[in-house]
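One letter stands for each residue in the lines below.
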Amino acid sequence: MRYAVGPAAALALSAAAAPAAGPSIPFADTEDATLSEIEVGDGDSHPIVSFDLRNGDYARGALDDDDAGLGRVPLHIAIGGVLVLHRRGSEATAFLIGQSSNGVHAPRSGERAAPRAWYESNTLVGLAWRPAAGLSTAATYTIKTSPNGVAPTTHEASLTALYAADDALGRLKPKLAVTRRTRGAGGLYTIAGIAPSLPLSAEENGLTLTLPVTMGIGWGGFYAAGSGSRSFGSGGLSLSQPVRLGGAKATVQAELLALVRDDRLRRLDRPHGTTATLVPYATLSFTVAW
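Quick notes on the rules
Residues numbered from 1 in each chain as written. Predicted model: local features only at pLDDT ≥ 70, side-chain atom pairs only at ≥ 80, totals over all residues. Heavy atoms only, no water. Phe/Tyr/Trp six-rings, centres within 6.5 Å; stacked < 30°, edge-to-face > 60°. Helix = DSSP H or I, 4+ residues; strand = E, 2+ residues; numbered from the N terminus. Buried < 20%, exposed > 50% of the residue type's maximum accessible area, 1.4 Å probe, protein only. Lys NZ or Arg CZ within 6 Å of the ring centre and 35° of its normal. Core = buried A, V, L, I, M, F, W, Y, C linked by side-chain atoms within 4.5 Å. Contact = heavy atoms within 4.5 Å.

### Topic: the packing of aromatic side chains
Argument step 1. Within this structure, the stated rule accounts for four aromatic pairs.
Argument step 2. On the numbers, 6.3 Å between centres and 85° between planes, the contact of Y189 with Y223 is edge-to-face. Residue Y189 is located in strand 12 (residues 188–194), and its partner Y223 is located in the loop between strand 15 (213–219) and strand 16 (230–245); the two are separated by 34 residues in the primary sequence. Grouping residues by exposure puts Y189 and Y223 together as buried.
Argument step 3. These aromatic residues form a ring-pair network of at least three members: Y189, F222 and Y223.
Argument step 4. If you follow R60 out to its NZ or CZ, it ends over the ring of Y189, 4.8 Å from the centre.

### As for the nonpolar core
Argument step 1. Grouped together as the largest cluster of nonpolar side chains are 17 residues, with contacts concentrated most on I25, I38, I48, V82, F95 and I97.
Argument step 2. For this core, the secondary structure elements donating two or more residues are strand 1 (24–28), strand 2 (35–39), strand 6 (75–88), strand 7 (91–104) and strand 8 (118–132).
Argument step 3. With residues near it in sequence (within four places) discarded, V82 still touches I25, P26, F27, D44, S45, H46, I48, F95, L96 and I97.
Argument step 4. A62, I191, F222 and Y223 belong to the second-largest nonpolar core, a separate cluster that totals eight residues.

Structure follows, in structure tokens:
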């Protein structure tokens, strides 16, 4: 999941003093169901609000209802949260997670159904748990709709995992998700990736560089009915900075990825998206958690 503010606001927030490190919780992305860790405050209820601004909208390497034209830069606004369901001593081990992510953009002439600018609404619910130190797993269900009618409604059921610990494997932060589409074109989707990070400051909560690498495969017509199996890979870098925002935990992030699609996948972006094999994908993001 990604969140965004304008560059001037991001620079101003990054200059603020960072808060002290706190507990983290697992949280799932509504686009591909992968897990991440979000730093939160104390307690059992954690609201999360996020924003992201992109140069287009791509999910799993394919056009996701919005081409990459700068004149239609999509803004996503997400509201969600995590409720701790069980603890082992002071350690939270089971969670209820939920999120609604909504995308708006400058509509095309063909997008005539109201509300024209609101092209995407993804709603996810799930149960997450930590069976071992550093390991987070979850089962999620996501309903994806298009309020302006540009895309059909789909439902997805996913199993997902993330390992982040202070050992050789955990420092790579490997993640995996398997998704079955229960309504829509059908098919199965698998995604795996790593995201090793490097602190760029001696401060405990200073600027961090992350190098995410991901590979995904859609099997049996997952991307489109009759499309067979198609794949993509992505790699790049992101810079993230924790910031002070009252009593909340906030993070500003800038990310630049290169998406590499196979020949069969890139052709699916016709007629509104690019059919290039290599697609640059930039995101500015901002998230606040309590």
